[in-house]
Amino acid sequence: MSNQRVLVAYGSTNQGTAGLAEEIAATLNKDGLTAEARPAAEVGDLTAYDAVVIGGGLYAGRWHRDARRLTRRLQPQLRERPVWCFSSGPLDASATEKDIPPTRGVRRAMSRFPARGHTTFGGRLAPDPKGRLARSMAKRGMAHDWRDFEQVRAWAHAIATELLGRR
Ligand SMILES: Cc1cc2nc3c(=O)[nH]c(=O)nc-3n(C[C@H](O)[C@H](O)[C@H](O)COP(=O)(O)O)c2cc1C
């Protein structure tokens, strides 16, 4: 066991990214760390955490506002801890098939601290999502869950390995 505490902070409108964050936290806990997933907007301070994972849903090429804001608000504390980032994501199989680099907007947010890594996971469009545009996309038949939880667990496992110094 390790007493390292890890925060998985997420920006999510329709809870797809929240589900990814929960899976990452669950994997880190299984691997022996002490992790919790929390909405980024509710995180006011990082003193209780030794490492941070930040995730955001992608909307028109930009990271979810709550994820962007967290990188601004907590920049000094993020610079003092190991940080990993993820985006979610494409409404097709592309994120499972290949490595998708961070968008320009995500890179800008990540430039505020030295991130150890970034990955893009497939997204989810719920059948009855929040947001006019999201609802019209769902009506056009785009509602589907493209999240690859095996890929998510593998990524989280690599973070645990690095934090536990087993590489
Ligand atoms: C209006 C709208 C715009 C989107 N724009 C993008 C985008 O630019 N790039 C992308 O990969 N996915 C895009 N998506 C897909 C979302 O990122 C995906 O549904 C994600 O899982 C949403 O996360 P959430 O459920 O946590 O809010 C968009 C979805 C909607 C509804």
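Located above this text is the structure these notes cover.
Every value quoted in this text rests on a predicted model; they were computed, and no experiment measured them.

Novice: Even after reading the chapter, I still don't get the overall build of the protein chain, so can you show me in this structure?
Specialist: Along its length, the protein chain carries seven helices and eight strands. Since a compact globule built from 167 residues should have a radius of gyration of about 15 Å, the 15 Å found for the protein chain is in line with a globular shape. Taken along its principal axes, the extent of the C-alpha atoms in the protein chain is 45 × 30 × 25 Å. Scored against the burial criterion, the 167 residues of the protein chain give a buried share of 49%. Taking contacts inside the protein chain between residues at least 6 apart in sequence as the whole, the part at least 24 apart equals 77%.

Novice: Just to check I follow, could you spell out the packing of helix 1 (residues 16-30) against helix 7 (residues 149-163) for this structure?
Specialist: When two helices pack together, their arrangement is captured by the angle between the axes and the distance separating the axes. As a packed pair, helix 1 and helix 7 sit with axes 9 Å apart at the nearest point and diverge in direction by 45°. Relative to helix 7, the element helix 1 lies oblique. In this structure, helix 1 crosses over helix 7, and the sense of that crossing is right-handed. Touching Gly19, Leu20, Glu23, Ile24, Thr27 and Leu28 of helix 1 are Phe149, Val152, Arg153, Trp155, Ala156, His157, Ile159 and Ala160, all from helix 7. Looking at side-chain class alone, the contact of helix 1 with helix 7 contains nine nonpolar, three polar and two charged residues.

Novice: What's the story with a positive patch on the surface in this structure? I'm lost.
Specialist: A contiguous patch of positive charge, built from Arg62, Arg65, Arg69, Arg72, Arg73, Arg104, Arg107 and Arg108, is present on the exposed surface. At the level of elements, helix 2 (65-73) and helix 5 (104-110) are the ones that each hand at least two residues to the positive patch. Looking at the positive patch, the element that brings in the most residues is helix 2, giving four residues. Along the polypeptide, arginine 73 turns up in helix 2.

The rules behind each value
- Residues numbered from 1 in each chain as written.
- Predicted model: local features only at pLDDT ≥ 70, side-chain atom pairs only at ≥ 80, totals over all residues.
- Heavy atoms only, no water.
- Helix = DSSP H or I, 4+ residues; strand = E, 2+ residues; numbered from the N terminus.
- Rg over C-alpha atoms; globule rule 2.2 N^0.38 Å.
- Buried < 20%, exposed > 50% of the residue type's maximum accessible area, 1.4 Å probe, protein only.
- Contact = heavy atoms within 4.5 Å.
- Axes fitted to C-alpha atoms, helices over the stretch in contact; angles between N-to-C directions.
- Parallel < 35°, antiparallel > 145°, perpendicular 65-115°, else oblique.
- Left-handed = near helix turned anticlockwise from the far one by under 90°.
- Nonpolar A, V, L, I, M, F, W, Y, C, P; charged D, E, K, R; others polar.
- Patch = residues over 30% accessible without salt bridge, like charges linked within 9 Å, V, L, I, M, F, W, Y side chains within 5 Å.
- Areas by Shrake-Rupley, 256 points an atom, 1.4 Å probe, with all protein chains shown as cover.
- Salt bridge = Lys/Arg side-chain N within 4 Å of Asp/Glu carboxyl O.
- Lys, Arg positive; Asp, Glu negative; His and termini not counted.
- Charge placed at Lys NZ, Arg CZ, Asp CG, Glu CD.

These values are about where atoms sit, not about what they do.
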